[in-house]
Amino acid sequence: MKNVLWVQFSKDKRNPLLVLLLIAGSIVAAILFGGGIQSATTVGIFSEEADAAEIEDKWEALLNTDDSFTFEIVEPEEAREDIKKGNIDVAVKVMEDDYRLLVSKNMPTVSSVERHVDKAFQQEAQISAVESQVGEDVRDEMESYLEDAPFQLEAQGLDSEQIPTYNIRTQLLFSFTFLISMFILGFKVNNVTQDKVAGIWDRMILSPMKKTGMYSGYLLYSFLITMLQIVIVLIVFKYVLRYDVGDSLWLIILIAACFTFGMISIAMLITGFVRTPEQFYAIYPSVIPLIPLVSGAYMMPGTITNSVLLFIADLFPLAHAMEAIMSVVFYGAGLQDVMMSLLYMLLIGVVAMGLGINLVERRSS
Amino acid sequence: MLETINLSKSFKGKKVVQDLNLYLADGESVGLLGPNGAGKSTTISMISTLIKPTSGRITMNGVNAIAKPGEIRSVSGVVPQELALYQELSAYENLKFFGSIYKLRGKELEKAIQQALEFVGLDDRKKDLVKTYSGGMKRRLNIAAALLHRPKILILDEPTVGIDPQSRNHILEAVRALNQTDGTTILYTSHYMEEVEQLCDRLYIMDHGKVIAAGTKDELLSILSTENKIKVELNKLDEAFVEQVKTIEGVHKTEVTELQLKIIAAKGSNLISKLVHLTEQHQIQLLHFQTETPSLEDVFLHLTGRTLRD
Ligand SMILES: Nc1ncnc2c1ncn2[C@@H]1O[C@H](COP(=O)(O)OP(=O)(O)O)[C@@H](O)[C@H]1O
Ligand SMILES: [Mg+2]
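Residues numbered from 1 in each chain as written. Chains lettered and ligands numbered in written order. Predicted model: local features only at pLDDT ≥ 70, side-chain atom pairs only at ≥ 80, totals over all residues. Heavy atoms only, no water.

As recorded in an unreviewed UniProt entry, chain B goes by the name Export ABC transporter ATP-binding protein, listed as coming from Terribacillus saccharophilus.

Put into C-alpha cells, the structure is as follows:
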C-alpha cells in the first residue's frame, strides 16, 4: 500500500499544476460567487411625492436599523436609470406609508431586502394606528417601555452568546470547496482504471502484493490529497480572509473527512461501470455538478421541497455534509448533534464501496 | 515444468484459444508464433494466471496452477504486450515501484534496479522520464521491470513490436543471454519468424486459436522436405496466368507480390519447363528465376495458406 501511495504522489509531484489550480479555483469561486469581502449591501431609496425630502428622511431613519443593509437617498431618475441598465439589483420607492420595489434581476439579495423593508413598514403602520387612536406621545412611551419591558426576549444560539446569523456566503464557501473536492477525488480514483488499462495493475496482481493493499493505496491517496485541498481552503478562509467558519474547525474537518470517504466510494462505484479512463472522464464531470444542485448546496437551506429531489439528495454525501456543517458553523452544534449526518455519510461510503469494488472485480474476470 | 492440457478460452461464446497443449521444460527457450489475433496474448494471460481458462488445465510441476496461481506467480516474470509503465516517472522510479511490489527493499532493491538497468542498457538514462524515451527504450524498460525479482521463467509477449533494429537486437541478445547464461526458461511470443528462429529451441505455431504445428525448427521444416520453393520475376503478371500456374501438377501454393510469383511445389515435378511454356503462351517475359529451400515462413504459408503478416 505504501508503494502505491509513493508512486501516486511521485506522479503528482511531477505535475502539481492540476491539483494546485483546483485548490486555487475553489478559493476564487467561493470569493466570486459568495459576493466577495463582507460588506453591507447599499440600497437606494427615493420618493416622488410632493414632500419628497421629508418622506425620504423619515424612512431612511426607520430602515437603517441593522448593518446588513445601508439605505441611501438617491435621485429618482438616477435610480430608475440604474435599474433599467441593470447596474443595481433593487431600489425602493417610498411613499408616506407605502412602498414599491424596483427590481432589475431576481437575486437572492432582492428577497432579503423586501423582507427587511416590509417589516419596517408593518411596524410603522402599527405604531401609527395606535397613535391615531390614543394620542400624541405613544411613540416615545412605547420605546421607553420596550427598553424596560417585563419580558425581555433575548435570542441565543445553542451554545454561543451570539444570535446565529445565517450567511449564504459562508455556505457557498463550503459548496464550492466540496464541488472541487469531488473532482479531485474522482480523478485520483480514476487512476485505478488508468493503471488497469496500462497493464500496471496486472503487474501488481502477479506480484505478492495483496488486493486490499492495492485498493487501499489508491483510495487512501485520493483521500489524503482531497483532505489536503479542503484543509488548505479552510485555513485560507478562516485565517487569511477572516471568514466566520465557527470555532470547531476540527469538527468541520471530521465532517469533511466523512464526506470525502463517502464520495470516494461513489467515484469507485462509477469506476465499476466504466471500461476506460476516458469513459470515466466523460461520465463523472457531467454527473458531479448536478449533485450540489440537487442537494441545494447553492441555495438557502429549505429551498428545495420536492420530495423526489430530497430523496435523491439524501443518496449522496453532500447533502448530509452541508447540513452538518451549517449547524456547526451557524448554530454551534457539537459532535453529538451531527452524529446522524456522519453516520449517513459513512453508510453511503461503505455500501457504495462494496458495490464498486465488486463491480470492478467482476469486470476484470 | 509448466504444462497446459486442452487449454481453451472463449469470450462471449467466441472461441479464442482451443485445446492448446503446450509444455515448457526447465531451461528451455520456446517460441509461440502466430499472426495477429491468433490467440497468443490470451494464451500468455492464461499461463501467467491473469485470466482463467474456460476449460482445460495448467500445471506447474504437477500442481494445478489454476487453483494455486501462486505456484506460477512466484517463479515467473511477465513482459506484457503493452507498455505497462508510468510514463510521467523516470526509469529508476518505475523500477523502484515494480521492485517494491515484489517486497524488495533497501540495498537489495537498489542492486536489483541497477542490474536490470545495465542489463537492458538504460543505466545512463535512468533519471529521464519514460515519456521522453524512444519506442525501443520503453520496450527495454518494460522488460527490465519483469526481471527485478529474478524470475526462473520469463514470459514475453511480442517484446519487439514497432521498434528500431538496434533495440530489437539488444532485446534478442539480452533474452538469449538470460536463457544461456542464467538458465532462465523463456516463453517468447512473436509474429516475426526470424526472431523465434534465432532464439528458440522449440516452437509452437498458432493460428485461429489452435496450435497447427509444433516442434524444433528442423522438425517443422521437414514438413516441407518434399517441397521446393521457386521464386520467379516477370515483366508483367495477370490473373489468367496465375490461375493456369495453379493448375500445373504438383503446385501447392502460390503467392503474388507485385511482379514476383512464389510457388511451392512437390520436388521432382517437371515444374520449370511447364512454367517456361506458360510464359510463352501468355507472352510474358521471365526476368529472374530462383529455387530455394523452404523457410519456417513457408511452412506457415503451407499450413494456413496465409502469410504471418496478414
Ligand atoms: N477480453 C477480450 N474480450 C473479447 N475478445 C477478446 C478479448 N481478448 C482478446 N479477444 C479476441 O481474441 C482474439 C485473440 O486475441 P489475442 O490473444 O490478443 O491475439 P494475439 O495476441 O495473437 O494477437 C482476437 O480476435 C481478439 O479480438
Ligand atoms: Mg497479442
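1. Some remarks on helix H4 (residues 106–119) of chain B
To be explicit about the condition: Note on conventions: DSSP H or I runs of at least 4 residues are helices, E runs of at least 2 residues are strands, and numbering of each starts at the N terminus. Helix span, expected: 1.5 Å multiplied by one less than the number of residues in the helix. We call two residues in contact when some of their heavy atoms are within 4.5 Å.
Here H4 of chain B spans 20 Å end to end across 14 residues, near enough to the 20 Å set by a 1.5 Å rise per residue. In the core, the buried residues of H4 of chain B are packed alongside helix H3 (91–100) and helix H5 (135–144) of chain B.

2. A word on the packing of aromatic side chains
Residues and elements named next belong to chain A. Heads up, the condition is: Pairing of aromatic rings covers Phe, Tyr and Trp, the last counted by its six-membered ring, and requires centre-to-centre distances within 6.5 Å; plane angles under 30 degrees mean stacked, over 60 mean edge-to-face, and any other angle means tilted. Three exposure classes are used, based on accessible area relative to the maximum for each residue type with a 1.4 Å probe and protein chains only: buried under 20%, partly exposed in between, and exposed over 50%.
One pass over the full model with this rule turns up 13 aromatic pairs over all chains. Plain terms: the ring middles of tryptophan 201 and tyrosine 218 are 5.8 Å apart, the flat faces sit at 50 degrees to each other, and that makes the pair tilted. Placement of the pair is tryptophan 201 in helix H9 (residues 200–206) and tyrosine 218 in helix H10 (residues 211–240), with a sequence separation of 17 residues. The burial state of tryptophan 201 is the same as that of tyrosine 218; both residues are buried.

3. What to know about the domain arrangement of chain B
Residues and elements named next belong to chain B. Test applied: Domain extents, as shown, originate in an automatic or database domain assignment. Basic side-chain nitrogens of Lys or Arg form a salt bridge, by our definition, when they fall within 4 Å of a carboxyl oxygen of Asp or Glu. For the purposes of these results, a polar contact is taken to be a pair of N or O atoms within 3.5 Å, where, inside protein, one atom must be able to donate a hydrogen and its partner to accept one; residues adjacent in sequence count only when each atom of the pair is a side-chain atom.
Taken as a whole, chain B is organised into domain 1 (2–221) and domain 2 (225–304). On a C-alpha basis, the centres of domain 1 and domain 2 stand 38 Å from each other. Taken together, the connections running from domain 1 to domain 2 amount to zero salt bridges. Between the two partners, domain 1 and domain 2, sit zero residue pairs in polar contact (both at pLDDT 80 or more).

4. Points about the side chain of glutamate 28 of chain B
Residue and element names in this part refer to chain B. Relative to the assigned elements, glutamate 28 resides in the loop between strand S2 (14–24) and strand S3 (29–33). Since its relative accessible area comes to 13%, glutamate 28 is described here as buried. Side-chain polar atoms of glutamate 28 contact the backbone nitrogen of alanine 25, separated by 2.8 Å. Dropping the residues within four chain positions of it, glutamate 28 is found in contact with Tyr23, Asn179, Thr184, Thr185, Ile186, Asp201 and Arg202.

5. Some points on a nonpolar patch on the surface
Residue and element names in this part refer to chain A. Selection rule: Patches here are clusters of residues that have more than 30% relative accessible area and form no salt bridge, with a 9 Å joining cutoff for like charges and a 5 Å cutoff for nonpolar side chains (Val, Leu, Ile, Met, Phe, Trp, Tyr). Surface exposure here means Shrake-Rupley accessible area, sampled with a 1.4 Å probe, where a residue is shielded only by the protein chains that are shown.
Side chains of Trp250, Leu254, Leu335, Met339, Met340, Leu343, Tyr344, Leu346, Leu347, Val351 and Leu355 sit close together on the surface and give an oily, nonpolar patch of about 1000 Å² of accessible area. Of all elements in the fold, only helix H11 (249–271) and helix H16 (335–364) reach the threshold of two or more residues within the nonpolar patch. The biggest single contributor to the nonpolar patch is H16, with nine residues. In this fold, valine 351 is placed in helix H16. On the accessibility criterion, valine 351 (47% relative accessible area) is partly exposed.

6. Topic: the site of ligand 1
Residue and element names in this part refer to chain B. Going by this rule: Proximity is defined per residue: if any heavy atom of the residue lies within 4 Å of a molecule or strand, that residue is considered near it. Under the grouping applied here, Gly and all other residues not named as nonpolar or charged are polar, the nonpolar ones being Ala, Val, Leu, Ile, Met, Phe, Trp, Tyr, Cys and Pro and the charged ones Asp, Glu, Lys and Arg.
Around ligand 1 sit Phe11, Lys14, Val16, Pro35, Asn36, Gly37, Ala38, Gly39, Lys40, Ser41 and Thr42, and that is every residue in its neighbourhood. In isolation ligand 1 exposes 560 Å². Once the protein is present, 61% of that is buried. When residues of the shell around ligand 1 are traced back to their parent elements, those giving at least two are S2 and helix H1 (40–47). Of all the elements, H1 adds the most residues to the shell around ligand 1, at three residues. For the shell around ligand 1, the per-class residue count stands at four nonpolar, five polar and two charged.

7. Description of the UniProt feature "domain: ABC transporter" (unreviewed entry) in chain B
Here is the rule: UniProt positions are given in the numbering used here, feature names are shortened, and annotations may be inferred rather than shown by experiment.
In the numbering used here, UniProt assigns the feature "domain: ABC transporter" (unreviewed entry) to residues 2–233 of chain B. Taken end to end, residues 2–233 of chain B comprises 32% helix and 30% strand; its first and last C-alpha atoms sit 47 Å apart.

8. Things to note about the interface of chain A and chain B
Note the following rule: Defined in terms of a 1.4 Å probe, buried area is the accessible area two parts forfeit on being brought together, summed over both.
Listed by partner, the interface residues are 23 residues for chain A and 26 residues for chain B. With both sides pooled, the region where chain A packs onto chain B buries about 2200 Å², and carbon together with sulfur makes up 63% of that total. Sorting the residues of chain A by area buried against chain B places Arg14, Arg203 and Leu206 of chain A first, and these three jointly supply 34% of that buried surface. The interface formed by chain A and chain B contains one salt bridge. Here glutamate 93 of chain B ties to arginine 14 of chain A by a salt bridge, and the two come within 2.7 Å at their closest N and O atoms. Counting across the interface, chain A meets chain B through seven residue pairs in polar contact (both at pLDDT 80 or more). No other element matches the eight residues that helix H1 (residues 2–14) of chain A contributes to the side of chain A that touches chain B. Of the residues belonging to the side of chain A that touches chain B, the class tally is twelve nonpolar, six polar and five charged.

9. Structural notes on the coordination of the magnesium ion (ligand 2)
All names here are of chain B. Test applied: Keep in mind that water is not among the atoms, so a site may look incomplete; donors are the N, O and S atoms within 2.8 Å of the metal, or 3.2 Å for Na, K and Ca.
The coordination sphere of the magnesium ion (ligand 2) contains the protein donors Ser41 (OG) and Gln81 (OE1), at a distance range of 2.0 to 2.2 Å. Of the two residues, serine 41 sits in helix H1 while glutamine 81 sits in the loop between strand S6 (76–79) and H3, which places them 40 residues apart along the sequence. For glutamine 81, a relative accessible area of 30% corresponds to the partly exposed category.

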